[in-house]
Amino acid sequence: MLGLMQDWPLLCHRIIDHAAIQHGARPVVTRSVEGPIHTTNYADIRKRALKVAQRLDRDGIKLGDRVATLAWNTWRHLECWYGILGIGAIYHTVNPRLFAEQICWIVNHAEDRMMFVDLTFLPILEKHAHGLKTIERYVVLTDAAHMPKTTLKNAVAYEEWIAEADGDFAWKSFDENTAAGMCYTSGTTGNPKGVLYSHRSNVLHAFMASLPDAKGIAARDVVLPVVPLFHANCWSLAFSTPLTGASLILPGAKLDGPSIYELLDTYKVTFTAGVPTVWLALLQELEKTGAKLPHLKRIVIGGSASPRAMTQKFQDSYGVEVIHAWGMTEMSPLGSLCTMKPEYAALTGEAKLDIQMKQGHPPFGVEMKITDDKGKNLPWDGKTFGRLKVRGPAVARRYFKDDSEILDQEGFFDTGDVATMDPHGYMQITDRSKDVIKSGGEWISSIDLENLAVGHPKVAEAAVIGVQHPKWDERPLLVVVLKKDQRASKDEILAFMQGKIAKWWMPDDVAFVEEIPHTATGKILKTELRERFKDYRLPVQ
Ligand code: ADP
């Protein structure tokens, strides 16, 4: 027997409808790419998204067509997302930090028909546009006054382009399993892989993301997504913020410490989210100027492990609660958030920080297990680590144009991460399966060592890689970037780590470098580091 409730497909554009009706006047503020601050609200975003939809429809963009965006977090980019998905086409966020060759590969693979692009990226795009075979037209996200001369095919200024639509248009209707968005994984190994979100998965994921023990965003919040719309579906913020009716502050092209601080302060931001590298820059700015963060209540740190020292600094010096989070493009992307269950809620100081180093517990809608290499379940004792596998309505079951089976027999997806689970269901990443250091048949977590090393007051950033060892197979090498104008010796760094980890985990050597390479999404590029140190000889004991 079927239930007797209404059929109300979970379509993403219903989110912007709700925001426009219930929270229509709520400010959406952007630091525009052109420079000045721009203010609008959800009602106007919806109106203009409908114009985008109408105009795309008139340009012949159909259900299932891919439309690329190469753009910063701005109100125009948000309008494009909703306009594109509102006719059943697919927003495809392209990460501008990728190499031009990777961008071409991704756009061609996705067969994007149009591209919305910010002014920032025109020069590089013009150089490579001949390689973008399927793009029929470029819409430059600016007005006529700022529109430069460009060689891009059929280029038009966004404001002129939507001015040709009157907005007398209705969203299209289709099945909730229709594709809505697309994002390629960074592809640090092999070619990037396309993840295809559906309307249903995005809407369910936005509900999950908004729960009190997830991001817990309310209409009273002011949200600043530092995480770009092009990074893993913007960690849901493009959906969960309008869904909850919170005000939205968009940083445009400027993600440096002073610019982010200015927005946090001016607009009394209460909630923000981004990768550790961004927060490193903000903390340096705060230390330099002595400024405080009186309005900011919560900060979600994810994408890479949040260093202990960073979590502590935000909480103890600035009174901002850190929510450590883990996820991946294939998971829409949220997998777990480290908010406190009653079992841990009373903890303070170092004991609380110990828990906050974990990536947290999954919200409803994400199931987790850890297994050995043969697929056997491992215990949730907080110590045993194994392959982390996940299942849920917002987790990928296949990649775009790829028939490979990516789920196990129980329908779980192998995340490629290695983790422990504790008795209260908190997950802690110990490594990427390809980064873990295999020493004498045992595993050493590179992340644990990195977290420890960055706790040293002179260390700005640290990375640990395994290097060849005649007896142990691999041993850890600690690569360190010192803070500006600091000097330190190898012994000084190692002495700091002594006693805080098992003896056999101690790095065999420390290499001081000027800079550690990062991926386009701010993760340490271990492949490049390994390449650089491939002939490195560890000191003989
Ligand atoms: P991108 O490289 O584009 O950021 P993803 O967001 O899909 O791609 O990367 C997901 C991976 O990032 C995870 O599988 C995990 O290895 C890593 N990651 C994400 N959040 C954390 C975290 N809080 N701690 C440690 N690793 C993390």
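Above this text you will find the structure in question.
What counts, and at which threshold
- Residue positions within a chain follow its written sequence, with the count starting from 1.
- Where totals are concerned, whole chains, interfaces and linings use all residues; where local detail is concerned, this predicted model gives features only for residues with pLDDT of at least 70, and gives and counts side-chain atom pairs only at 80 or more.
- Here the side-chain values reflect all heavy atoms present in the structure, with hydrogen atoms and water set aside.
- Only when DSSP finds a minimum of two bridges between them are two strands counted as paired.
- Only DSSP runs of H or I reaching four residues or more are called helices, and only runs of E reaching two or more are called strands; each is numbered from the N terminus.
- To get an axis, a line is fitted to the C-alpha atoms, and for a helix only the part in contact is used. The angle between two axes follows their N-to-C directions and goes from 0 to 180 degrees.
- Contacts were defined at the residue level, with two residues in contact if any of their heavy atoms lie within 4.5 Å.
- Just so you know how the angles are binned, under 35 degrees is roughly parallel, over 145 roughly antiparallel, 65 to 115 roughly perpendicular, and the rest oblique.
- For any pair of crossing helices, the crossing counts as left-handed if the nearer helix is rotated counterclockwise from the farther one by less than a right angle, and right-handed if it is rotated clockwise.
- Whether a residue is near a molecule or strand depends on its heavy atoms: it is near if one of them lies within 4 Å of it.
- Any N or O atom pair separated by 3.5 Å or less is treated as a polar contact, with the protein-specific requirement of one donor-capable and one acceptor-capable atom, and with residues adjacent in sequence counted only for side-chain atom pairs.
- With residues, only the protein chains shown are counted as cover, and all accessible areas are computed by Shrake-Rupley using a 1.4 Å probe.
- As a working rule, the residues Ala, Val, Leu, Ile, Met, Phe, Trp, Tyr, Cys and Pro are called nonpolar, Asp, Glu, Lys and Arg charged, and the rest polar, with Gly in that last group.
- Relative accessibility decides the category of a residue: with a 1.4 Å probe and only protein chains considered, values under 20% of the type maximum give buried, values over 50% give exposed, and everything between is partly exposed.
- Nonpolar cores were defined as sets of buried Ala, Val, Leu, Ile, Met, Phe, Trp, Tyr and Cys residues, with membership established by side-chain atoms within 4.5 Å.
- Each Phe, Tyr or Trp ring (for Trp, its six-membered ring) is paired with any other whose centre lies within 6.5 Å, and the angle between the two planes then decides the class: stacked below 30 degrees, edge-to-face above 60, tilted in between.

**Here's the deal with the sheet that holds strand 12 (residues 271-274)**
Okay, step 1: Judged by pairing direction, the sheet is mixed, and its eight strands sit side by side in the order 2-1-11-10-12-13-14-15 without closing on themselves. Either end of the sheet is taken by a strand with one partner, and the two such strands are strand 2 (37-41) and strand 15 (334-337). Direction aside, the axes of adjacent strands within the sheet are offset by 20 degrees on average.
Okay, step 2: Sheet strands in contact with helix 11 (residues 308-318) are strand 13 (298-301) and strand 14 (321-327), and its direction is about 145 degrees off that of strand 14.

**Notes on the packing of helix 11 against helix 13 (residues 349-356)**
Okay, step 1: Running from N to C, helix 11 and helix 13 cross one another at 125 degrees; their axes reach a closest spacing of 10 Å. Judged on the interaxial angle alone, helix 13 and helix 11 are oblique. The element helix 11 and its partner helix 13 pack so that their crossing is right-handed. Contact with helix 11, carried on its side by Arg308, Thr311, Gln312 and Gln315, involves Glu350, Lys352, Leu353, Asp354 and Gln356 of helix 13 and no other residues of that element.

**Some points on the site of the ligand**
Okay, step 1: Near the ligand there are 16 residues, and of these Ser186, Thr329, Asp417, Arg432 and Lys523 occur at the shortest range.
Okay, step 2: Between the ligand and His324, the relevant distance is 3.1 Å, taken from a nitrogen atom to a side-chain nitrogen or oxygen of the residue.
Okay, step 3: Ala325 places a polar main-chain atom, nitrogen or oxygen, 2.7 Å from a nitrogen atom of the ligand.
Okay, step 4: Contact with the protein chains hides 92% of the accessible area of the ligand, taken as 570 Å² for the molecule alone.
Okay, step 5: Residue composition of the shell around the ligand, grouped by class: four nonpolar, nine polar and three charged.

**Let's talk about the pairing of strand 8 (residues 179-184)**
Remember that side chains alternate between the two faces of the sheet whenever the strand is regular.
Okay, step 1: Counting buried positions along strand 8 yields six of six residues, so the element is predominantly enclosed.
Okay, step 2: Two elements, strand 4 (residues 90-93) and strand 8, share three bridges in a ladder whose sense is parallel. Along strand 8, the bridge assignment pairs His92 with Met182.
Okay, step 3: By the bridge criterion, five bridges tie strand 8 to strand 9 (residues 194-198) in an arrangement that is antiparallel. If you follow Ala179 over to strand 9, its bridge partner there is Ser198.

**A short note on the nonpolar core**
Okay, step 1: Core analysis: the biggest nonpolar cluster contains 139 residues, and Met115, Phe116, Trp161, Trp279 and Phe314 have the highest contact counts within it.
Okay, step 2: When neighbours within four sequence positions are excluded, Met115 is seen to be in contact with Ala68, Leu70, Val107, Leu125, Leu132, Ile135, Arg137, Tyr138 and Val139.
Okay, step 3: With 20 residues, the next largest nonpolar core counts Leu449, Ala453, Ile501 and Met506 among its residues.

**Focus on the packing of aromatic side chains**
Okay, step 1: One pass over the structure, following the stated rule, counts 14 aromatic pairs.
Okay, step 2: For the ring pair Trp72 and Phe121, a centre distance of 5.3 Å and an interplane angle of 35 degrees mean the geometry is tilted. One end of the pair, Trp72, is in the loop between strand 3 (66-70) and helix 3 (75-85); the other, Phe121, is in the loop between strand 5 (114-117) and helix 5 (122-128), and 49 residues separate them in sequence.
Okay, step 3: When the centroid spacing of 6.4 Å and the interplanar angle of 50 degrees are considered together, the rings of Tyr91 and Phe239 count as tilted. Note that Tyr91 is positioned in strand 4 and Phe239 in helix 8 (residues 237-244), a separation of 148 residues in sequence.
Okay, step 4: Among the residues examined, Tyr91 registers a relative accessible area of 0% and is labelled buried.

**Some details on the sheet that holds strand 9**
Okay, step 1: The sheet built from seven strands is open, its strands ordered 7-6-5-3-4-8-9 with mixed pairing. Bordering the open sheet on either side are strand 7 (156-157) and strand 9, each of which pairs with just one other strand.
Okay, step 2: Pairing of strand 5 with strand 6 (residues 137-140) involves four bridges; the strand directions are parallel. Across the sheet, residue Met115 finds its bridge partner in strand 6, namely Tyr138.

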